[in-house]
Amino acid sequence: MSINIPRGTKDILPGESERWQYIENKARDICRNYQYKEIRTPIFEHTELFQRGVGDTTDIVQKEMYTFEDRGGRSLTLRPEGTASTVRSYVENKMFGYPSQPVKLYYMGPMFRYERPQAGRFRQFVQFGVEALGSKDPAIDAEVISMAMEIYRELGLKSLKLVINSLGDKESRKAHREALIAHFQPRIGEFCHDCQSRLEKNPMRILDCKKDREHELMKTAPDITGYLNEESADYFAKVKQYLTAMDIEFIVDPNLVRGLDYYNHTAFEIMSSAEGFGAITTLCGGGRYNGLVEEIGGPETPGIGFAFSIERLLAALDAEGVAIQNEEGIDCYLAALGEKAGEYTVGLLHELRQAGISAERDYLGRKVKAQFKAADRLKAKYVAVLGDDELEANTITLKSMADGGQTEVPLDDFIETFRKIKG
Ligand code: HAM
């Protein structure tokens, strides 16, 4: 019996992997422009990190983590997201002491959540994310948001909707929390089991419930806007002002709460508004998490970031019909006629590659016609044909596949000639 791939995961095959590389390269380029530096953290962490970091009352921690005990009896978890790990590393490596502040980091790698797989939702997916730690200037909130928008824009996405909200500071959240409890408590019996346990622990989570979404109390629930204290409201006003200054359009949605516990102040999501995009329209999510560094054992440090999955980004590109140029042809295909010539191309191919020229030869003993077909399939710009006779005469024929033009080149000058052609 053959063994299949696990549910909710996928293989990225040649043809598709070039699209991934293109996106990854674009994201890295933009990080360079914005001065975010790469951090790579382990795929698994102590389970406690996510319980404390992401939050005990979240769906992620309660239902979706891949948690296991290792042979030493420690509870470990495959990372469901990148923020908690980044903050753990920030604290552990005392990045708060780095001379260059704020510390701006990015990451790209697989995350794991035990969710019901569907279009745009996987159990293993690749997140690209950024985290800016050490500044509570609303300009950095705007920078982080603009960066996410810039990556999407650069890749050619147009049907995007940026939704923002402020969750306020501790004081504002406390006032809102009390209002929510007062609102839901009298009829909490009509809500799902999860919501009932959320009421005391984290009533804001109720607003994010998928099961009770249609309950009438959801529509009348007090939103955070009315509970923002002056400082929080001013902060939010500045973020909006900076976004406007950058010509970034946004919609304020007071019901945007996000699925993770660490957020305060700015929260945002970017959705695809492309027709034909699946049921899950959120492409990217992020926000501010002042307090998380302390929660993980570090000094008081503000932070903000976002993450998006490459899977959803690709789905959005498909929905908008944006093609990524993913197949670059090779520079040269070495076609050989005859045994001696064939043997000679082994060394020649090696020299070409050492000179930085992408090249290929036949490995299946094919006739010259079939070798030309193979060259076509590889979109070779040139085919160099070497026969036993030519080898004897120390020449090689170079054929341009673009215009069919042919030149005979002394074999000793071949690499140099090719270098010149390539420029
Ligand atoms: P999140 O909203 O849980 O936030 O996830 C961010 C993004 O990851 C989503 O918008 C989506 O693109 C992608 N994503 C999440 N789950 C899946 C899945 N099962 N399949 C495919 N894609 C998925 C966070 O993870 C926060 N750490 C973001 C952040 C960074 N906040 C501050 N800094």
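Counting from 1, residues in each chain are numbered in the order their sequence is written. Predicted model: local features are reported for residues with pLDDT of at least 70 only, side-chain atom pairs are reported and counted for 80 or more only, and whole-chain, interface and lining totals are derived from all residues. Based on all heavy atoms of the structure, the side-chain values leave hydrogens and waters out of the count.

This part is about the sheet that holds strand β4 (residues 75-78). Taken together, three strands build an open sheet; the order of strands is β2-β4-β3 and the sheet is antiparallel. Of all the strands in the sheet, the pair left with one neighbour each is β2 (44-46) and β3 (66-69). The mean angle between the axes of side-by-side strands here comes to 35°, regardless of whether they run parallel or antiparallel. By the convention used here, strands pair only if DSSP detects at least 2 bridges between them. What counts as a helix is a DSSP run of H or I of at least four residues, what counts as a strand is a run of E of at least two, and both are numbered from the N terminus. Taken together, the four bridges between β3 and β4 define a ladder with antiparallel strand orientation. When the bridges of β4 are listed, Thr67 appears paired with Thr77. Each axis is a line fitted through C-alpha atoms, and for a helix only the stretch in contact is used; angles between axes span 0 to 180 degrees, taken between their N-to-C directions.

What follows is about the pattern of salt bridges. Between side chains of opposite charge, a pair can form as their charged atoms come close. Each reported salt bridge corresponds to a side-chain nitrogen of Lys or Arg within 4 Å of a carboxyl oxygen of Asp or Glu. For the structure shown, the criterion picks out 29 salt bridges. Note that Arg88 and Glu92 form a salt bridge whose closest N and O atoms lie 3.0 Å from each other. With Arg88 and Glu92 both in helix α4 (residues 83-92) and four residues apart, this pair spans about one turn of that helix. Given a relative accessible area of 18%, Arg88 falls into the buried group. Of the charged contacts, one joins Glu269 and Arg258 as a salt bridge, the two residues approaching to 2.9 Å between their closest N and O atoms. With Glu269 in strand β9 (residues 264-272) and Arg258 in the loop between β8 (251-252) and β9, this residue pair connects regions lying eleven residues apart in the sequence. Exposure is judged per residue with a 1.4 Å probe applied to protein chains only, and the accessible area is read against the type maximum: over 50% gives exposed, under 20% gives buried, and values in between give partly exposed.

Right, let's get into the UniProt feature "binding site: L-histidine" (unreviewed entry) in the protein chain. UniProt positions are given in the numbering used here, feature names are shortened, and annotations may be inferred rather than shown by experiment. In the numbering used here, UniProt assigns the feature "binding site: L-histidine" (unreviewed entry) to Glu81, Gly82, Thr83, Arg113, Gln127, Glu131, Arg258, Tyr262 and Tyr263. Here Glu81 shows up in the loop between β4 and α4. With relative accessibility at 3%, the residue Glu81 sits in the buried group. Each residue touching Glu81, except ones within four places of it in the same chain, is listed here: Phe50, Val54, Met111, Arg113, Gln127, Leu260 and Tyr262. Looking at the element boundaries, Arg113 is found in the loop between β5 (103-112) and β6 (124-133). Take Arg113: its relative accessible area is 14%, and that puts it in the buried class. Definition of a polar contact: a pair of N or O atoms within 3.5 Å, with one able to donate and the other able to accept a hydrogen when the atoms are protein atoms, and with sequence-neighbouring residues admitted only if both atoms are side-chain atoms. Among the polar contacts listed, one links the side chain of Arg113 to the backbone oxygen of Pro80, at a separation of 2.8 Å. Only heavy atoms matter for contacts: two residues are in contact if any of them lie within 4.5 Å across the pair.

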